Amino acid sequence: MEDPKRRFAEKLNAWGKSKTPFVFLVDYQMKKPLAWTLDDKALSEMRFDLNGFKSNAHSQPQLSEFYFRKSPVSFEAYKAKFDYVVENLKAGNSFLVNLSVPTNIQTNLSLSDIFAHSEAPYRFLYKNEFICFSPEIFIKIKGNRISSFPMKGTIDASVPNAENVILSDSKEAAEHATIVDLIRNDLSMVAGKVWVEKYRYIDRIQTNDKTLLQVSSEIAGILPDDFDGKYGDLLLKMLPAGSITGAPKPSTLQIIEAAENYDRGFYTGVMGYFDGENFESAVMIRFIENQNGNLVFKSGGGITARSNAQNEYQELIDKVYLPFAHVPHAMF
C-alpha cells in the first residue's frame, strides 16, 4: 500500500511545480496528511482563513451571551508527566521537551461560532471535527526566500512589567535559544545561507479574558535553484515542527509519546496554503477537538531542566482560551 506521506508529498510537489493553488493539513505524526486544490468539492465542508487566504465567506451571526469553562487535569496528574520529562532532561536525553495535555471545556458555542468570531491570523474549521486558531507561523516562502517564526515563551500581559519579565527570564531565554537553534538546523536541511533575521520580539495575543504576550523570532534562508515548487518534499524534511517537539528531535519525540500517552491528532501539525506564487503555513496550536460531542482543548509548553511545574501548569491553562477581542457578554 502506498505511503500516505509520500502520496501527499507527490501531490504538493506536482501542484507546486504547475503553480496550482492548494490548501493542506498535516497531522502531528504525519499519518493522514490532507491536501486539496481549490476546486475540490470537499472544501465546502470546511472553513479557513489563513492570513487572508480564505474559503468562501459565510454569514457571521452576532455574538450573543456565551459561556466558556475549562476543567484542566489536576496538578498532580500533570506533575507526574512533568517529572518524567524532567528526569529525561536531567539524564541528557533531551534539552527541551514540549509537553501537552488535553483539557475538557464546556461552552454553548459551536465550533462554527468560534471560527466566525475568532481573531487569529490562521484559522481552520475542519468539518465539525476540530477548529484551530493559531498565532504561530511555521514557514513562509516568497520567491526563493524561506522564513520560519518559532514562538516560545508566554506571559500574562497583566503581570507588572510583563514584557521585561519574560525577556529577562533566563529559563525562557535558554528555551527560546534552543528552539531557534533547532529551527536554524531544520531550515539548513532545505535551504542555504540560513540566518536569524529577528531575535526574541513580542507578539500580543488577545483572548476572551486576558491578553497574553508571546516571544517569537524569525529565521530565514535561501532555497536552492532547483527547488521548483517541491513543497511536499520540504514539509516531510522539516516536520514535525521543532517548536512543538523539542531538541534533539528523535529522542524528544520518544519522551513526548511516553509522557503524554494520548493522541495529539492534528494538534501541533501544520496547516497552510499555496496561492500559485506564495506559500504560507502555521503550526496548529490553540486547538479544540470534538470528541463524540465532548469538546477538548489541547495545549502545552516547553519544559527544560530548570522549569517550575506550577508555572508550566498555569501556562497550559492560560493557553486554553477563545481568541475573541471584545466579549461584553461572556459568562465564565
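Source: prediction; values computed, not measured.

In this structure the tally under the stated criterion is 26 aromatic pairs. Seen in terms of ring centroids, Phe75 and Tyr313 are 5.4 Å apart; in terms of plane orientation they differ by 70°. Their pairing is edge-to-face. Of this pair, Phe75 sits in helix H2 (residues 75–90) while Tyr313 sits in helix H8 (residues 309–318); the two residues are 238 residues apart in sequence, bridging distant segments of the chain. When its relative accessible area of 10% is taken as the criterion, Tyr313 is described as buried. Plain terms: the ring middles of Tyr78 and Tyr313 are 5.7 Å apart, the flat faces sit at 40° to each other, and that makes the pair tilted.

Here we come to the nonpolar core. Formed by 76 residues in total, the largest nonpolar core has its most connected members in Phe24 and Ile146. Sequence-distant contacts of Phe24, defined by excluding residues within four places in its chain, comprise Phe8, Leu12, Leu34, Ala35, Trp36, Leu235, Val270, Met271, Gly272, Tyr273, Phe279 and Ser281. If you look at the next biggest cluster of nonpolar residues, it comprises 21 residues, including Ile105, Ala120, Ile131 and Phe297.

Moving on, we get to the pairing of strand E8 (residues 130–134). Of all five residues in E8, five are buried, a share of seventy percent or more. Of the two faces of E8, both are covered, the one formed by Phe130, Cys132 and Ser134 as well as the one formed by Ile131 and Phe133. With five bridges connecting them, strand E7 (residues 122–126) and E8 associate as antiparallel partners. Looking across to E8, one finds that Arg123 is bridged to Phe133. Counting the residues in the hairpin turn of E7 and E8 gives three residues, including Lys127, whose phi is positive at 50°. Direction of pairing for E8 relative to strand E17 (residues 287–291): antiparallel, over a ladder of three bridges. Opposite Ile131, over in E17, you have Ile288 as the bridge partner.

What counts and how
- Residues numbered from 1 in each chain as written.
- Predicted model: local features only at pLDDT ≥ 70, side-chain atom pairs only at ≥ 80, totals over all residues.
- Heavy atoms only, no water.
- Phe/Tyr/Trp six-rings, centres within 6.5 Å; stacked < 30°, edge-to-face > 60°.
- Helix = DSSP H or I, 4+ residues; strand = E, 2+ residues; numbered from the N terminus.
- Buried < 20%, exposed > 50% of the residue type's maximum accessible area, 1.4 Å probe, protein only.
- Core = buried A, V, L, I, M, F, W, Y, C linked by side-chain atoms within 4.5 Å.
- Contact = heavy atoms within 4.5 Å.
- Pairing = 2+ DSSP bridges.

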